[in-house]
Amino acid sequence: MTTPQVSVVVPMYNEEPNLPELHTRLTKVLARLDTPCEIIYVDDGSTDGTPQELENLLLQPQPVCVRAVRLPRRRGKTAALSAGFAIARGSIIATTDADLQEPPEVLPMLLSRVQCGEAHLVVAWRQQRQDSRFRVLASRLFNALLRWLTGLSLHDVNCGTKAMKREVAENLGSWMVSDMHRYLPILAAQMGYRVTEAPVPHVARRRGRSRFGASRYLRAVVDLAPVSLMWWRGWGVWVALTSLSTLLAKMHSPLGWAGLAVAMAWAGTALAFWIGKR
Ligand code: UDP
Ligand code: MG
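This report concerns the structure included in the present document. Note that the structure is predicted; figures quoted are calculated from it, not measured. (Residues numbered from 1 in each chain as written. Chains lettered and ligands numbered in written order. Predicted model: local features only at pLDDT ≥ 70, side-chain atom pairs only at ≥ 80, totals over all residues. Heavy atoms only, no water.)

Here's the deal with the overall build of the protein chain
No. 1: Scanning the protein chain for helices and strands turns up 10 helices and seven strands.
No. 2: Radius of gyration (C-alpha) of the protein chain: 20 Å, near the 19 Å computed for a compact globule of 278 residues.
No. 3: Judged by the C-alpha coordinates and their principal axes, the protein chain covers about 75 × 40 × 40 Å.
No. 4: By the burial criterion, 51% of the 278 residues in the protein chain qualify as buried.
No. 5: Sequence-distant contacts, at least 24 apart, represent 80% of the contacts inside the protein chain between residues at least 6 apart.
No. 6: Each charge sign in the protein chain was given a centre, from 33 positive and 22 negative side chains, and these centres are 6 Å apart. (Helix = DSSP H or I, 4+ residues; strand = E, 2+ residues; numbered from the N terminus. Rg over C-alpha atoms; globule rule 2.2 N^0.38 Å. Buried < 20%, exposed > 50% of the residue type's maximum accessible area, 1.4 Å probe, protein only. Contact = heavy atoms within 4.5 Å. Lys, Arg positive; Asp, Glu negative; His and termini not counted. Charge placed at Lys NZ, Arg CZ, Asp CG, Glu CD.)

Take a look at the structure:
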């Protein structure tokens, strides 16, 4: 059997209703490529019928190589992606979500942009996003903050659909904890890889529901601590916050003590993460 040149990793938590359509569309798209491909479904400890659906798929003949990994319990999207990367054999690794919000039909375009050497990592940029107004606004602000911090002109860093050279996924390995999947494109750019974006259509989730609750925002902020201090602007804000807070604290202002607490938590989280990562 030929070794796959392209691996598509799909993390899934309780995506049973989406799996049949996802699989049909994904295999159709990948079977049309000239390159040998594999799909790696990573079941993130689903509690619905996802594992049974996957078992059934694996028993049937498939037009492309299909593999599946099951995590014994839910460990989150980052861990699921990491488990997929660990067994991927392709020289290019793509990721996409199981909920079909970004059509799998966009994958050949992303793959070809990596294949032709235009970029080491291409991240999809969802056009006319079909999510709640609050989520779209939060995402716009978040991406604007990341653009300012990093100086990169990316508009949708956390889009689940991406393609990258294998080397990029390997080097991102030590960052694959917590919910760091959100920051992969900017971390890759920080490592010196060429990162670009490609506009793609977006559709509303038709089946199942979003697997992230409101805690996603808290986790995004906590994970931003070690990420932000990879850039000088992050340090600049930290130094400014600490200096201003010290000044205010000297004047016995409670704001100063609050600012100092934030600055200490920020540095402490970053330090704990960097020590744990080594
Ligand atoms: N996912 C996962 N583990 C989790 C949460 C999500 O594997 O703990 C998967 C989920 O099944 C989907 C992808 O990650 O394939 C993106 O999740 P979702 O669509 O819920 O995220 P959103 O679009 O709301 O950001
Ligand atoms: Mg989704």
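Here we look at the site of ligand 1
No. 1: Taken together, the neighbourhood of ligand 1 is formed by 18 residues, with Glu15, Asp44, Asp99, Ser210 and Arg211 sitting nearest.
No. 2: Within the side chain of Arg135, an N or O atom sits 3.0 Å from an oxygen atom of ligand 1.
No. 3: With respect to ligand 1, the side chain of Arg216 contributes an N or O atom lying 3.1 Å from an oxygen atom.
No. 4: Bound to the protein, ligand 1 loses 96% of the 530 Å² it would expose on its own. (Near = heavy atom within 4 Å. Polar contact = N/O pair within 3.5 Å; in protein donor to acceptor, adjacent residues only side chain to side chain. Areas by Shrake-Rupley, 256 points an atom, 1.4 Å probe, with all protein chains shown as cover.)

So, the nonpolar core
No. 1: Grouped together as the largest cluster of nonpolar side chains are 70 residues, with contacts concentrated most on Val10, Leu22, Leu26, Tyr41, Tyr183 and Val227.
No. 2: With near-sequence residues (within four places) excluded, Val10 lies in contact with Leu22, Leu26, Ile39, Ile40, Tyr41, Val42, Thr96, Asp97 and Ala98.
No. 3: In this structure, Leu229, Trp238, Ala263 and Ala270 belong to the second largest nonpolar core, which totals six residues. (Core = buried A, V, L, I, M, F, W, Y, C linked by side-chain atoms within 4.5 Å.)

Some remarks on the environment of Thr47
No. 1: Relative to the helices and strands, Thr47 resides in the loop between β2 (37–43) and α2 (50–59).
No. 2: For the pair formed by Thr47 and Arg211, sequence separation is 164 residues and the distance between their alpha carbons is 13 Å.

Considering the packing of helix α1 (residues 19–31) against α2
No. 1: Where α1 contacts α2, the two axes come as close as 11 Å, and the packing angle between them is 35 degrees. Here the hand of the crossing between α1 and α2 comes out right-handed. Each of Leu19, Pro20 and His23 in α1 lies in contact with α2, whose residues at this interface are Thr50, Glu53, Leu54 and Leu57.
No. 2: Looking at side-chain class alone, the contact of α1 with α2 contains four nonpolar, two polar and one charged residues. (Axes fitted to C-alpha atoms, helices over the stretch in contact; angles between N-to-C directions. Left-handed = near helix turned anticlockwise from the far one by under 90°. Nonpolar A, V, L, I, M, F, W, Y, C, P; charged D, E, K, R; others polar.)

A word on the environment of Trp235
No. 1: Its location among the elements puts Trp235 in helix α9 (residues 232–250).
No. 2: A residue is classified by how much of its surface remains accessible, and Trp235, at 32% relative accessible area, is partly exposed.
No. 3: Sequence separation between Trp235 and Leu149 is 86 residues; the distance between their C-alpha atoms is 10.0 Å.
No. 4: Ignoring anything within four residues of it in the chain, the contact list for Trp235 reads Leu229 and Trp274.

Looking at the packing of α9 against helix α10 (residues 254–277)
No. 1: Interhelical geometry of α9 versus α10 gives an angle of 145 degrees and a closest axis separation of 7 Å. Where α9 crosses over α10, the two elements pack in a sense that is left-handed. Contacts between α9 and α10 pair Gly234, Trp235, Val237, Trp238, Leu241, Thr242, Ser245, Thr246, Leu248 and Ala249 from the former with Leu255, Gly256, Trp257, Gly259, Leu260, Val262, Ala263, Met264, Trp266, Ala267 and Trp274 from the latter.
No. 2: Looking at the contact of α9 with α10, its residues break down into 15 nonpolar, six polar and no charged.

Re the pattern of salt bridges
No. 1: In total, this model carries 16 salt bridges according to the counting rule given.
No. 2: Across the pair Glu21 and Arg207 runs a salt bridge, and its minimum N-O distance is 2.6 Å. Here Arg207 lies in the loop between β7 (195–201) and α8 (215–228) and Glu21 lies in helix α1, a separation of 186 residues in the sequence.
No. 3: Put simply, Asp99 and Arg205 hold a salt bridge, and the shortest N to O gap is 3.4 Å. Here Arg205 lies in the loop between β7 and α8 and Asp99 lies in the loop between β4 (92–95) and α4 (107–115), a separation of 106 residues in the sequence.
No. 4: Salt bridges sharing partners connect three or more residues here, namely Glu21, Arg25, Glu105, Arg206 and Arg207. (Salt bridge = Lys/Arg side-chain N within 4 Å of Asp/Glu carboxyl O.)

Comments concerning the side chain of Arg113
No. 1: Tracing the chain through its elements places Arg113 in helix α4.
No. 2: The buried category is assigned to Arg113, whose relative accessible area is 19%.
No. 3: Within the structure, the side chain of Arg113 is placed 2.7 Å from the side chain of Glu118, a separation counted as a polar contact.
No. 4: Contacts of Arg113, omitting those with residues within four sequence positions, involve Glu118, Ala119, Val122, Thr196, Glu197 and Ala198.

Examining α8
No. 1: The end-to-end C-alpha separation of α8 is 20 Å, in line with the 20 Å expected for 14 residues at 1.5 Å each.
No. 2: Buried within α8 are the following residues: Arg216, Ala220, Asp223, Leu224, Ala225, Pro226, Val227 and Ser228.
No. 3: Summarising the contacts, the buried residues of α8 are in contact with α5 (133–150), α7 (184–190), α9 and α10. (Expected span 1.5 Å × (residues − 1).)

Fair warning: the whole summary comes from geometry, so function is off the table for now.
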